[in-house]
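Topology and contacts: notes
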Amino acid sequence: MFIDEWFDGYFYKNLSVSEKNSFSFGQFFWTHAYYPHEHLELWRPIPDPNEPTQTFASTFQIQAAGQDAFRRAIPLQTPKLETNEEFLVIRAKRRPVILIQPEIFIPSTVNRGFRGRVHRSRCTVAQIFGLEDPQTGRAEFSQIFVDRVRQMEYPQLMFLPKKPGLFQVDSLLRLDELQSVFTPHLDPTPFALTDDVSTILRDQIQFLLTGQGPNDYTLLREELLKS
C-alpha cells in the first residue's frame, strides 16, 4: 500500500476565502523559487572608464567565483553592494510550494536591533516538483523510485498525488528544498493538506530534523514499508 492509497482521495481540502488568506501550515501557494547553485558564479560590474570612482555600475558580466569572492576592493553605491557582498548568478522558477513555517510577527515595540529591524516578513516553504512532464507525460523518475517515495521510505520526501487546479501531475514534496520567502511574494491557492495529512507532514519534519519517534509519521511509514 502507498500513502495516496492510505488516504484514498482524502489528501487535500478546499479552503474558504478567509482560510485561503490565513497563511497556515500545510497551505499551498505559488511563488518563484530558486535553484540552489552548485557552481558559485557572480555578477561582477564591468569597469566604466567614464566613472572614475567605480562606485556606480550599469553593466555586469558573469564570473566564476575566485579568491576575491566577497572581498571586493570598492563598494558600489548604485546598485548598493558592500565589499563583503556579491550579486549571485542563480536561476529561479515559479512553482507550487507548501507553507511550513508561517511568518512569526514581532511587535514594533521590540522590532529594532542595533542593525535595523528584527522582523523581516519571512516564512519557510517546501518546494514541489512534478514527477513527469505535464506537457509530454514523460516520466522524470523511475517507477521504482516513485513507489518507494509513495511508501514513505525517504524522510526528506513526500509523495503528492495530482490535484486538478493545483498541479497536473503526481508530484514530489522536497523537505531538503526548504526556502525562506518574503511573505508578500506568496500567491495563495484555495487548497491545503487535510488535517490528517498535515499531522503526518508535521511529524515527518520532526523525524527528519531530530530522528525521534514514534509518532504518526513513523507508525504509518512502518505500516507502508511492510505492506
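Worth saying up front: this structure is predicted, and the values here are computed from it rather than measured.

1. Some points on the overall build of the protein
Helix and strand counts for the protein come out as five helices and ten strands. A globule of 227 residues ought to have a C-alpha radius of gyration of about 17 Å, yet the protein, at 22 Å, is considerably larger. Considered along the principal axes of its C-alpha atoms, the protein spans approximately 70 × 50 × 35 Å. Look at the contacts in the protein between residues 6 or more apart in sequence, and 66% of them connect residues 24 or more apart. Only carbon and sulfur atoms are counted for the fraction: they give 52% of the accessible area of the protein, which is about 13800 Å². With 24 positive and 28 negative side-chain charges, the protein shows a spacing of 6 Å between the two charge centroids.

2. Remarks on the nonpolar core
In terms of nonpolar packing, the biggest core is built from 32 residues, with Phe28, Ile98, Leu160, Leu173, Leu193 and Leu201 touching the most fellow members. Not counting residues up to four positions away in its chain, the partners in contact with leucine 160 are Phe11, Tyr12, Phe28, Ile98, Ile128, Phe167, Asp170, Ser171, Leu173 and Leu193.

3. Remarks on the sheet that holds strand E7 (residues 122-130)
Spatial strand order, E1-E10-E2-E6-E7-E9-E8: seven strands in an open sheet with antiparallel pairing. Unpaired on one side and paired on the other, strand E1 (12-14) and strand E8 (157-160) mark the two borders of the sheet. On average, each strand axis in the sheet is tilted by 50° relative to the strand beside it, whichever way the strands run. As paired elements, strand E2 (residues 27-34) and strand E10 (residues 187-193) share three bridges and run antiparallel to each other. Paired with tryptophan 30 across the strands is aspartate 187, a residue of E10. The strands touched by helix H3 (residues 143-150) within the sheet are E8 and strand E9 (171-182), with E8 carrying the most contacts at an inclination of about 100°. The sheet strands contacting helix H4 (residues 195-210) are E1, strand E6 (92-101), E8, E9 and E10, and the helix crosses E9 at an angle near 75°.

4. With respect to the pattern of salt bridges
Evaluated as defined, the whole model comprises eleven salt bridges. A salt bridge links aspartate 68 to arginine 44; its shortest N-O distance comes to 3.1 Å. Taken together, the positions of aspartate 68 in the loop between strand E4 (60-64) and strand E5 (87-88) and arginine 44 in strand E3 (residues 41-45) put the pair 24 residues apart, joining distant regions of the chain. Judged by its relative accessible area of 38%, aspartate 68 is partly exposed. Residue classification places arginine 44 among the buried residues on the basis of a relative accessible area of 9%. Within this structure, Asp4, Asp147 and Arg150 form a network of salt bridges that share partners.

5. Examining the side chain of glutamate 177
When you line up the elements, glutamate 177 lands in strand E9. This buried residue, glutamate 177, is left without a salt bridge; arginine 174 holds the nearest opposite charge, at 4.5 Å. Setting aside its immediate chain neighbours within four residues, glutamate 177 contacts Pro36, Val125, Ala126, Gln127 and Phe129.

6. Points about the pairing of E2
Where E2 lies against E6, seven bridges are found, and the strand directions are antiparallel. Looking across to E6, one finds that alanine 33 is bridged to lysine 93.

7. Here we look at the packing of H4 against helix H5 (residues 216-226)
It is the contact of H4 with H5, at a shortest axis distance of 7 Å, that shows an interaxial angle of 95°. By the criterion of interaxial angle, the relationship of H4 to H5 is roughly perpendicular. For the pair formed by H4 and H5, the contact residues are Thr199, Ile200, Asp203, Gln204 and Phe207 on the first element and Asp216, Tyr217, Thr218, Leu220 and Arg221 on the second.

8. Examining the sheet that holds E5
Strands sit in the order E4-E3-E5 across an open sheet of three strands; the sheet is antiparallel. Every other strand in the sheet has two partners, leaving E4 and E5 as the edge strands with one partner each. Two elements, E3 and E5, share two bridges in a ladder whose sense is antiparallel. Residue pairing across strands places tryptophan 43 opposite phenylalanine 87, the latter belonging to E5.

Cut-offs and rules
- Residues numbered from 1 in each chain as written.
- Predicted model: local features only at pLDDT ≥ 70, side-chain atom pairs only at ≥ 80, totals over all residues.
- Heavy atoms only, no water.
- Helix = DSSP H or I, 4+ residues; strand = E, 2+ residues; numbered from the N terminus.
- Rg over C-alpha atoms; globule rule 2.2 N^0.38 Å.
- Contact = heavy atoms within 4.5 Å.
- Areas by Shrake-Rupley, 256 points an atom, 1.4 Å probe, with all protein chains shown as cover.
- Lys, Arg positive; Asp, Glu negative; His and termini not counted.
- Charge placed at Lys NZ, Arg CZ, Asp CG, Glu CD.
- Core = buried A, V, L, I, M, F, W, Y, C linked by side-chain atoms within 4.5 Å.
- Buried < 20%, exposed > 50% of the residue type's maximum accessible area, 1.4 Å probe, protein only.
- Pairing = 2+ DSSP bridges.
- Axes fitted to C-alpha atoms, helices over the stretch in contact; angles between N-to-C directions.
- Salt bridge = Lys/Arg side-chain N within 4 Å of Asp/Glu carboxyl O.
- Parallel < 35°, antiparallel > 145°, perpendicular 65-115°, else oblique.

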